[in-house]
Amino acid sequence: MTRKALVVWGVGGVVYVVAVFHRTSLAVAGVTAAHRFGIGAAVLGLFSVAQLVMYAGMQIPVGLLLDRFGSRRMLMTGAALMAAGQLGFALAPDVWAAIGARVLIGTGDAMTFVSVLRLVALWLPARRNPIFVQLTGVLGQLGSVASAVPVVVLLHDAGWTATYLGAAALGLAAVGLVAVAVRDRPVATPRAVTRARTTVREAWSEPGTRLGLWAHFTTQFSGFTFGLLWGYPFLVDGEGLGPATAAVLLSMLNLVVLVSGPVVGHLVGRLPYHRSVLVLAIAGATATAWTAVLLWPGRAPLWLLVGLVAVLAVNGPGSMIGFDFARTVNPARRLGSASGIVNIGGFVASILLILGIGAVLDLLTPAGSAGHPLGAFRWAFALQYLLWAVGAVQVVRYRNAARRRLAEQDPERLAELRRGVVVLPDAA
């Protein structure tokens, strides 16, 4: 592992921190945004949904562009688009302009993480990939930390426009950083460019790619939705916490990832054959924690909410396991496309949950109420159980399919996997 490789990965990780900051910068500003634009829960949900729809919808096109143009240009383009989106969000005169700005942010965000994953796969040793993928996710959570308490303070002291103009400036700094420090490593393949349709079809035909998609689907949505939009209103309106306490809990959500991410990465590297078991265990633990909170008589005690947040913090590292499935069944030439397919899973689940929670809250909140009651939040968050059930069934289904395919095509690789050794597929 060379110093240059570490620098390239490190800069990519910093740009991902900035991207996560942009993505989650609305998390503690939801109440402020609702007042600024005069909107309810369903319309507020559209801010995040518009952003996530673009993120999810761009994954396959971004994957193809990534395989064609490389990480450097994609990272620069993504950072520029997010900076433009934050500028528009700062100056938006109405709700539709604000939604358009979030669309730009989602488009730029879509280009960032998979570009960094490609840098990891091409610059760093294969045996270290699971750890560095998790470390990338851990770094990203620093962006969420920066979008919690600091954004609350800035909104209070400097106001809406100054806060999001500062975010736009941060995005422009990321563009310059990539231009100076990131370089692509050429991939040796028989053809310089493969046909786009063929690349996507080949990646999708691998059951391991679809296993990665459903692993991402099953583990990401709960913690992501909580941290991105609905956790802060749930804690303040539903559970009666003060804004500062709620912001600290959201920061804790991201800080716990600093510990859980490397642990999950270590387990994935040591036990690659049992990665799906880890996925199901993380989803089961999350469902159990939510059950305790939602069934608690009255408002949940602070210690239980802290426990919920600690469990939710493992969702992000858990979702990264999906990319490891894709990495181990796809050659480097189509890694961008395969990673894009995987990345769709969790964000589709998150979009469905964000929309569902907003609709249920509006339906069950009495007209004229200053906030949403705890009972409405309980029914809204209960929608998660349907997503967990669907995801768990699909994980088991495609795990079995992936193992059968590997047993038929390359039994030696399957035997190595059982022994804890990952042998990557050939480039051809």
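This report concerns the structure included in the present document. Computed from a prediction, not measured in an experiment: that's the story for all the values here.

The next subject is the overall build of the chain. Looking only at helices and strands, the chain features 20 helices and 0 strands. In terms of overall dimensions, the chain is globule-like: its C-alpha atoms have a radius of gyration of 21 Å, near the 22 Å expected for 428 residues. Counting only C-alpha atoms and orienting by the principal axes, one finds that the chain spans roughly 65 × 45 × 35 Å. Relative to its full complement of 428 residues, the chain shows a buried share of 56%. Within the chain, contacts between residues at least 6 apart in sequence are counted, and of these 84% link residues at least 24 apart. Within the structure as shown, the chain displays about 16,500 Å² of accessible surface, and the carbon and sulfur contribution to it stands at 67%. Taking the average location of the 33 positive side-chain charges in the chain and that of its 16 negative ones, the two points are 6 Å from each other.

Enumeration over the complete set of coordinates arrives at 23 aromatic pairs. Aromatic pair Phe-377 and Phe-381: ring centres 6.4 Å apart, planes at 20°, arrangement stacked. You can see Phe-377 and its partner Phe-381 sitting in helix 18 (residues 374-381), 4 residues apart, about one turn around the helix. By the burial criterion, Phe-377 is buried, and Phe-381 matches it. Through a chain of ring-to-ring contacts, the aromatic side chains of Phe-37, Phe-47, Phe-89, Trp-160 and Tyr-164 assemble into a single cluster. Positioned above the aromatic ring of Trp-204 is the side chain of Arg-210, whose terminal nitrogen or guanidinium carbon lies 5.1 Å from the ring centre. Across from the ring centre of Tyr-273, 4.0 Å away, lies the NZ or CZ of Arg-403, which sits over that ring.

Quick look at the nonpolar core now. Ranked by size, the top nonpolar core spans 126 residues in total, and within it Phe-37, Phe-47, Phe-226, Phe-234 and Trp-290 carry the most contacts. Those residues within four positions of Phe-234 in sequence are excluded, and the remaining contacts are Phe-226, Glu-239, Trp-290, Val-293, Leu-305, Leu-374, Phe-377 and Phe-381.

To continue, consider the layout of surface pockets. Roughly 450 Å³ of volume is contained in the largest pocket. Those elements giving two or more residues to the lining of the largest pocket turn out to be helix 12 (207-238), helix 14 (275-294), helix 19 (384-409) and helix 20 (411-418). Per-element accounting of the lining of the largest pocket gives the leading share, 6 residues, to helix 19. In terms of residue class, the lining of the largest pocket is made up of 14 nonpolar, 4 polar and 8 charged.

Once that is clear, we can look at the packing of helix 12 against helix 19. Two elements in contact, helix 12 and helix 19, have axes whose closest approach is 8 Å; the angle formed by their N-to-C orientations is 155°. On the basis of the axis angle, helix 12 is roughly antiparallel to helix 19. The handedness of the crossing between helix 12 and helix 19 is left-handed. Its residues assigned to classes, the contact of helix 12 with helix 19 shows 14 nonpolar, 6 polar and 3 charged.

What follows covers the environment of Gly-371. Mapped onto the secondary structure, Gly-371 falls in the loop between helix 17 (335-364) and helix 18. If we ignore the near neighbours within four places in the chain, the residues touching Gly-371 are Asp-237 and Thr-365.

What the rule picks out here adds up to 3 cavities of 30 Å³ or more. Here the largest cavity is characterised by a volume of approximately 400 Å³. Together, 32 residues line the largest cavity, and Arg-23, Gln-141, Ser-144, Phe-224 and Gly-316 are the ones closest to its centre. Broken down by secondary-structure element, the contributors of at least two residues to the lining of the largest cavity are helix 1 (3-24), helix 8 (129-146), helix 12, helix 13 (243-270), helix 16 (315-327) and helix 17. Among the residues making up the lining of the largest cavity, the classes are represented as 18 nonpolar, 13 polar and 1 charged. Lining the second largest cavity are Leu-117, Val-120, Ala-121, Asn-129, Val-133, Phe-323, Asp-324, Arg-327, Leu-335 and Ser-339. Every element with two or more residues in the lining of the second largest cavity is listed here: helix 7 (113-123), helix 8, helix 16 and helix 17.

Along an α-helix, residues three or four apart share an orientation, since each turn contains 3.6 residues. If you check helix 1, its first and last C-alpha atoms are 31 Å apart, about what 22 residues at 1.5 Å a residue would give, namely 32 Å. Counting buried positions along helix 1 gives 16 out of 22 residues, so the element sits mostly inside the fold.

It is the contact of helix 3 (residues 41-57) with helix 17, at a shortest axis distance of 9 Å, that shows an interaxial angle of 170°. For the element pair helix 3 / helix 17, the angle class is roughly antiparallel. Counted together, Ala-41, Ala-42, Gly-45, Leu-46, Ser-48, Val-49, Leu-52, Val-53, Tyr-55 and Ala-56 of helix 3 and Asn-343, Ile-344, Phe-347, Val-348, Ser-350, Ile-351, Ile-354, Leu-355, Gly-358, Leu-361 and Asp-362 of helix 17 form the full contact between these two elements. Split into classes, the residues belonging to the contact of helix 3 with helix 17 amount to 15 nonpolar, 5 polar and 1 charged.

Criteria and thresholds
- Residues numbered from 1 in each chain as written.
- Predicted model: local features only at pLDDT ≥ 70, side-chain atom pairs only at ≥ 80, totals over all residues.
- Heavy atoms only, no water.
- Helix = DSSP H or I, 4+ residues; strand = E, 2+ residues; numbered from the N terminus.
- Rg over C-alpha atoms; globule rule 2.2 N^0.38 Å.
- Buried < 20%, exposed > 50% of the residue type's maximum accessible area, 1.4 Å probe, protein only.
- Contact = heavy atoms within 4.5 Å.
- Areas by Shrake-Rupley, 256 points an atom, 1.4 Å probe, with all protein chains shown as cover.
- Lys, Arg positive; Asp, Glu negative; His and termini not counted.
- Charge placed at Lys NZ, Arg CZ, Asp CG, Glu CD.
- Phe/Tyr/Trp six-rings, centres within 6.5 Å; stacked < 30°, edge-to-face > 60°.
- Lys NZ or Arg CZ within 6 Å of the ring centre and 35° of its normal.
- Core = buried A, V, L, I, M, F, W, Y, C linked by side-chain atoms within 4.5 Å.
- 1 Å grid on protein atoms, 1.4 Å probe; cavity = no way out; pocket = protein on both sides within 12 Å on 5 of 7 lines; lining within 4 Å.
- Points joined across faces, edges and corners; volume = space filled by probe spheres on them.
- Nonpolar A, V, L, I, M, F, W, Y, C, P; charged D, E, K, R; others polar.
- Axes fitted to C-alpha atoms, helices over the stretch in contact; angles between N-to-C directions.
- Parallel < 35°, antiparallel > 145°, perpendicular 65-115°, else oblique.
- Left-handed = near helix turned anticlockwise from the far one by under 90°.
- Expected span 1.5 Å × (residues − 1).

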